[in-house]
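# A look at the structure
Listed here are the chains, written in short residue letters.
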Amino acid sequence: MNVSFYGHVRQYESIKDEIDSNMREVLMSGKYVLGPMLSRFEAEAAKYFGTKHAIGLGNGTDAIWLALMALNIGPGDEVITHPNTFFATAEAIWIAGAKCVFVDCDPKTRNINPDKIERAINKRTKAIIPVHLYGQCADMPRIKAIADKHKLAVIEDNAQGIDGRGDTFKQGELSDAMATSFIIQKNLGCFGDGGMLVTNRDDINEKVRKLRNHGSAQRDHHSFGFNSRLDDIQAAVLSAKLKHITAWTDRRRALAARYTAGLRKPKHFTLPYEVPGYRHVYHLYILETKLAEDRDGFVKFLNDHGVDAKTHYSIPIHKQDGYPWGKKARIVGSVRNAEKNAASVVSLPMFPELTEQEVDYVVEQCLAWDRAHA
Ligand SMILES: *Cc1c(COP(=O)(O)O)cnc(C)c1O
């Protein structure tokens, strides 16, 4: 059996009529950029997230750095995050011109460890960017308390966590702004690139709306800006898909439970940790080999047996080449857990259209590898 990592076409086929009809509506309207479909999707998204504003943007990376720019965070400023995330989290900080300050992740949740944040704060610190990594919310109440105490902004990187929540909090509730990505492989994916910033702050909304459109809120009037708009065809796809996100998340959670039940008590790898009371949306279902040296062999074994397993992410950002670290980034304390994470993670296929038979086959292969290492 072959089990692929993504189910893009299966998803399209499952709601083809809704997507096609929305797309046809845009095509026949002749309004493809900043048109009525974008406004409609922005209104639907704001309602869904429970935020005052939702701004459609070109991609998720832009959403993060445009938020930083709207908060006047740039050269000379520092922004705290953790290094075991997708590269774009740090990249957005660099695009804004600020310095990226890495602290370690929590070994169980792999999200930023709130205990490590305060010692990284100095007079140049302006913001914290927690990532809801793999689909589980970061500890927002503690992060927000630290930010308030030191008068820092918080921008949630929610590219991986859409439709999740904490035990006592919602996404987007305890931050100044929340960025998300709609690139196809994310839990809510369009047919190309897309992103969004949601916020309850009128000032951020106003600035980002201008920044995404050449600094223009009114025809022929411009201030400094860029071009980063979610186009109406993508908004049409997303408007159709947003109606299904809760059911898709429930399905991901059911498949994750099936993986966890099937993989029970492996000797050579560990299963994902779910914070009690949180809604983990399983953007990724991540195993961790107990020994780092086992990881590549495990992935190869799965690949050789038809399972498209991957790694997210095998090189932590501070180990990537090509950046002048002294000026652009610094590490505070040990980032041992982030490094261990990078060395030992294995991502199994996880998407709502995955079948039970496929999950059971992947489980079988994982257990076969585990036994072979006994
Ligand atoms: C995907 C992703 C981004 C960037 O989103 P793009 O739309 O690809 O720019 C940022 N942060 C995280 C954690 C991501 O997974």
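Everything here concerns the structure above.
Calculation criteria
Residues numbered from 1 in each chain as written. Predicted model: local features only at pLDDT ≥ 70, side-chain atom pairs only at ≥ 80, totals over all residues. Heavy atoms only, no water. Axes fitted to C-alpha atoms, helices over the stretch in contact; angles between N-to-C directions. Helix = DSSP H or I, 4+ residues; strand = E, 2+ residues; numbered from the N terminus. Left-handed = near helix turned anticlockwise from the far one by under 90°. Contact = heavy atoms within 4.5 Å. Nonpolar A, V, L, I, M, F, W, Y, C, P; charged D, E, K, R; others polar. Core = buried A, V, L, I, M, F, W, Y, C linked by side-chain atoms within 4.5 Å. Buried < 20%, exposed > 50% of the residue type's maximum accessible area, 1.4 Å probe, protein only. Near = heavy atom within 4 Å. Polar contact = N/O pair within 3.5 Å; in protein donor to acceptor, adjacent residues only side chain to side chain. Areas by Shrake-Rupley, 256 points an atom, 1.4 Å probe, with all protein chains shown as cover. 1 Å grid on protein atoms, 1.4 Å probe; cavity = no way out; pocket = protein on both sides within 12 Å on 5 of 7 lines; lining within 4 Å. Sits in = over half its atoms within 2 Å of the grid points. Pairing = 2+ DSSP bridges.

### Observations regarding the packing of helix 3 (residues 36-49) against helix 8 (residues 232-242)
Their axes nearest at 8 Å, the elements helix 3 and helix 8 cross at an angle of 35°. Relative to helix 8, helix 3 is oriented so that their crossing is left-handed. Between helix 3 and helix 8, the residues in contact are Pro36, Met37, Leu38, Arg40, Phe41, Glu44, Ala45 and Tyr48 and Asp232, Ala235, Ala236, Leu238, Ser239 and Leu242, respectively. When the residues that make up the contact of helix 3 with helix 8 are grouped by side-chain class, the tally is ten nonpolar, one polar and three charged.

### With respect to the nonpolar core
Within the largest apolar cluster, 32 residues are counted, with the highest numbers of intra-cluster contacts made by Leu68, Val79, Leu197 and Val208. When residues in this core are grouped by element, the largest group, seven residues, is from helix 4 (residues 60-70). Contacts of valine 208, omitting those with residues within four sequence positions, involve Ile55, Leu57, Leu66, Ala67, Ala70 and Leu197. One finds Phe41, Met178, Phe182 and Val198 within the second-largest nonpolar core, a separate group that totals 28 residues.

### Some points on the site of the ligand
What surrounds the ligand is a group of 14 residues, the closest being Gly60, Thr61, Asp157, Ser181 and Lys186. Between the ligand and the protein, one listed contact pairs an oxygen atom with a side-chain N or O atom of asparagine 59 at 3.5 Å. Here an oxygen atom of the ligand sits 2.9 Å away from a polar atom, N or O, in the side chain of glutamine 160. Burial of the ligand by the protein amounts to 93% of the accessible area it has alone, namely 380 Å². Here the ligand occupies the largest pocket. Secondary structure elements with two or more residues in the shell around the ligand: helix 4 and helix 5 (88-95).

### Focus: the sheet that holds strand 8 (residues 269-270)
Read from one edge to the other, the open sheet built from three strands follows the order 8-9-11, with strand pairing classed as antiparallel. A single partner strand is all that each edge strand has here, and the edge strands are strand 8 and strand 11 (345-348). Note: strand 9 (residues 285-289) against strand 11, four bridges, orientation antiparallel. Paired with tyrosine 285 across the bridge in strand 11 is leucine 348. Docked against the sheet, helix 10 (residues 295-304) engages strand 8, strand 9 and strand 11, running at close to 20° with respect to strand 11.

The values are spatial; any link to function lies outside them.
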